[in-house]
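What follows is the residue order along each chain.
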Amino acid sequence: MLKHLISALILIAALPHSGVFAADVVKTANGPVEGVTEASGIHVYRGIPFGAPPTGELRWKPPQPVKNWDGVRNAVKFGPRCMQAPIFGDMNFRSDGMSEDCLYLNVWTPAAANAPRNGGLPVLVYLYGGGFVAGDGSEPRYDGENMARKGIVALTVNYRLGVFGFLAHPELTKESPHHASGNYALLDMHAALQWVHDNIAAFGGDPKKVTIAGESAGSIAVSALMASPLSKSLIAGAIGESGALIAPTLPPVPLAEGEAGGVKFAAAVGAGTLAALRAMTTAQIQEAAAKLPVGRFPTTIDGYVLPKPPAEIFAAGEQAHVPLLVGWNSEENGARALLGAKEPTAENFAEAVKSRYKERADDVLKVYGGKTADEVRQAATDLASDGFIAYSTWKWSDLQAKTGGKPVYRYLYARPRPQMVAAMGNAVPGLAGGVISGANAPATRPPAALGAVHSAEIEYAMGNLATNKVYDWSPDDYKVSEVMQAYFANFVKTGDPNGPDLPKWPAVTAGTDAQVMRIDVTTSAAPETHRARYVLLDSIYAASRR
């Protein structure tokens, strides 16, 4: 008795903030864990390992099983975030430092281990964004408490990044029983889904009701997991927010090309063998990789995780046949991405289009046109957004509607963020939802956004506006969040976003004009109006792949 009392006192002393209490002990396959109960009554279990530390000889290997532990493991604080450079200065982490030892997940659940489960709660597994080079499951915008309040068991999952998550190399391929290398980040995600399958019932969840979701790189990962023969049987639904593993958005490369990149990296750091690479310190590897262009280590078509390009898998109907909720934002990229510092004139726009699209420029200008400065800026914004990430997401949704055999629900998120709070001073918005200030801020302020920028929807969808102290949220913002979160929660529960007191969201039907839910202060569905843009880009990108 005294031993248990002392353990409880130690746990309470370690709690991350006031107003929380020790949560029920949950027995996982590796040993029992004890988290905390928030003031809301939601139970939180942070920093649960789902893979052995991928260090030493386990660096650049699929995640290995976790060693069992004796006694109760305190699941009170987030684990370390995976190795990454400070690329996005506005990311906000609550993680316990940074380390190669980073394969941890976090669980929020309304059901204690011994609570009635009513047949098992639906489960949401959220994958963070950050271009596969940054991000962490501890970021407040992904916090699962408000989804758990909707009757969902919510998880965030860490996965290896950059060189640690994607390095391919001939020696790695040779030592693999599957003759594959790279894609370790995707294998981390698969291992996390397997952990969910094996353990989530103890947290009140149903392993047969698992929806995977993510934004940007997280959305790209969702498309990859749907396509992978390893993971597709472990999911019941998918949510993609801006991004798919389809060219031109971080497309996978042939294994031989990935291996060649790995050999080049090894030579650059003076490591002639895989053993020499594994003998390097974490800091040495990270510092060398940080000097390379962002996205230097792509996913590979390795014949194991990805037997062929995802677009081909979806076209053949070989992906997970599950409901998909998918969409993108109205300003995924700005006009400057196309025009640079030039004024938004018809002449400058035509010049930029001809430089980028060569012999197809006239076709592009027919679809993306404008005469006035405002029209040109909007056309440049649309084209930059489509080329960055909107087209690939459209292609994913279009293929899934044709071959997936389950409903597809498409949205366009259009609510611009409000002004920053006065305390932010001259800071500028960052891609990750916070701000960039000080030495990292650009010399000139970008123009005001025309719509919802990349990543703007995350806090709205997850019910986490209050976690972001940067923006001056209004009642209208909370109204949009209430509607969007309700759609997402309904989809996680039933595979259908529709529910009482919500505007009707029609599913996309193959062979007819898609109905798109435009999410804003006034939310409503309308026929797709920009299919010609995506059909044109489809022909351009298809030609480049031949």
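So, how was this worked out
- Residues numbered from 1 in each chain as written.
- Predicted model: local features only at pLDDT ≥ 70, side-chain atom pairs only at ≥ 80, totals over all residues.
- Heavy atoms only, no water.
- Helix = DSSP H or I, 4+ residues; strand = E, 2+ residues; numbered from the N terminus.
- Rg over C-alpha atoms; globule rule 2.2 N^0.38 Å.
- Buried < 20%, exposed > 50% of the residue type's maximum accessible area, 1.4 Å probe, protein only.
- Salt bridge = Lys/Arg side-chain N within 4 Å of Asp/Glu carboxyl O.
- Phe/Tyr/Trp six-rings, centres within 6.5 Å; stacked < 30°, edge-to-face > 60°.
- Lys NZ or Arg CZ within 6 Å of the ring centre and 35° of its normal.
- Core = buried A, V, L, I, M, F, W, Y, C linked by side-chain atoms within 4.5 Å.
- Contact = heavy atoms within 4.5 Å.
- Disulfide = S-S within 2.5 Å.
- Axes fitted to C-alpha atoms, helices over the stretch in contact; angles between N-to-C directions.
- Parallel < 35°, antiparallel > 145°, perpendicular 65-115°, else oblique.
- Left-handed = near helix turned anticlockwise from the far one by under 90°.
- Nonpolar A, V, L, I, M, F, W, Y, C, P; charged D, E, K, R; others polar.

### Here's the deal with the overall build of the protein
So, point 1. When helices and strands are counted, the protein shows 17 helices and 17 strands.
So, point 2. Relative to its length of 546 residues, the protein is compact, with a C-alpha radius of gyration of 23 Å against a globular reference of 24 Å.
So, point 3. With the C-alpha coordinates of the protein rotated into their principal frame, the extents come out at 80 × 60 × 50 Å.
So, point 4. A buried classification covers 56% of the 546 residues belonging to the protein.

### Section: the pattern of salt bridges
So, point 1. Applying the stated criterion to the full structure yields 19 salt bridges.
So, point 2. Bridged by salt links that share partners, the residues Asp398, Lys402, Arg410, Glu528 and Arg531 form one connected network.

### Points about the packing of aromatic side chains
So, point 1. Scanning the model with the defined rule gives 19 aromatic pairs in all.
So, point 2. Judged by centre distance (5.0 Å) and plane angle (45 degrees), the rings of Tyr391 and Tyr541 are tilted. Pair noted here: Tyr391 is in helix H14 (residues 373-403) and Tyr541 is in helix H17 (residues 531-545), with a separation of 150 residues, a long-range link.
So, point 3. Between Tyr409 and Phe491, the ring centres sit 6.3 Å apart and the planes meet at 80 degrees, which makes this aromatic pair edge-to-face. Here the residue Tyr409 occupies a position in strand S13 (residues 408-413), and Phe491 occupies one in helix H16 (residues 475-494), the gap between them amounting to 82 residues. For the pair formed by Tyr409 and Phe491, the shared burial category is buried.
So, point 4. Site record: aromatic cluster; members linked through ring pairs are Trp328, Tyr391, Trp394, Tyr534 and Tyr541.
So, point 5. In this structure, Arg296 packs its charged tip against the face of Phe297, placed 5.5 Å from the ring centre.

### Remarks on the nonpolar core
So, point 1. By size, the foremost hydrophobic cluster in this structure holds 132 residues, and its most contacted members are Leu155, Trp195 and Phe203.
So, point 2. When sequence neighbours within four positions are dropped, the list of residues in contact with Leu155 reads Leu105, Asn106, Val107, Trp108, Val123, Leu124, Val125, Tyr126, Trp195, Val196 and Ile200.
So, point 3. Counting 23 residues, the second-largest nonpolar core is a separate cluster that includes Val353, Tyr357, Val364 and Leu383.

### Things to note about the state of the cysteines
So, point 1. Across all of its chains, the model carries 1 disulfide by this definition.
So, point 2. Here Cys82 pairs with Cys102 through a disulfide, and the sulfurs are 2.1 Å apart. One disulfide, between Cys82 and Cys102, carries an S-S torsion of 90 degrees and so falls in the right-handed class. Of the two residues, Cys82 sits in the loop between strand S4 (73-74) and strand S5 (104-109) while Cys102 sits in the loop between S4 and S5, which places them 20 residues apart along the sequence.

### Here we look at the packing of helix H12 (residues 346-357) against H14
The relative placement of two packed helices comes down to the angle between their axes together with the axis-to-axis distance.
So, point 1. Contact geometry for H12 and H14: axes closest at 10 Å, N-to-C directions at 20 degrees. With respect to H14, the axis of H12 lies roughly parallel. The interaxial crossing formed by H12 with H14 has left-handed handedness. Side by side, H12 and H14 meet where Ala346, Phe349, Val353 and Tyr357 of the first sit next to Val376, Ala379, Ala380 and Leu383 of the second.
So, point 2. Split by residue class, the contact of H12 with H14 holds 8 nonpolar, no polar and no charged.

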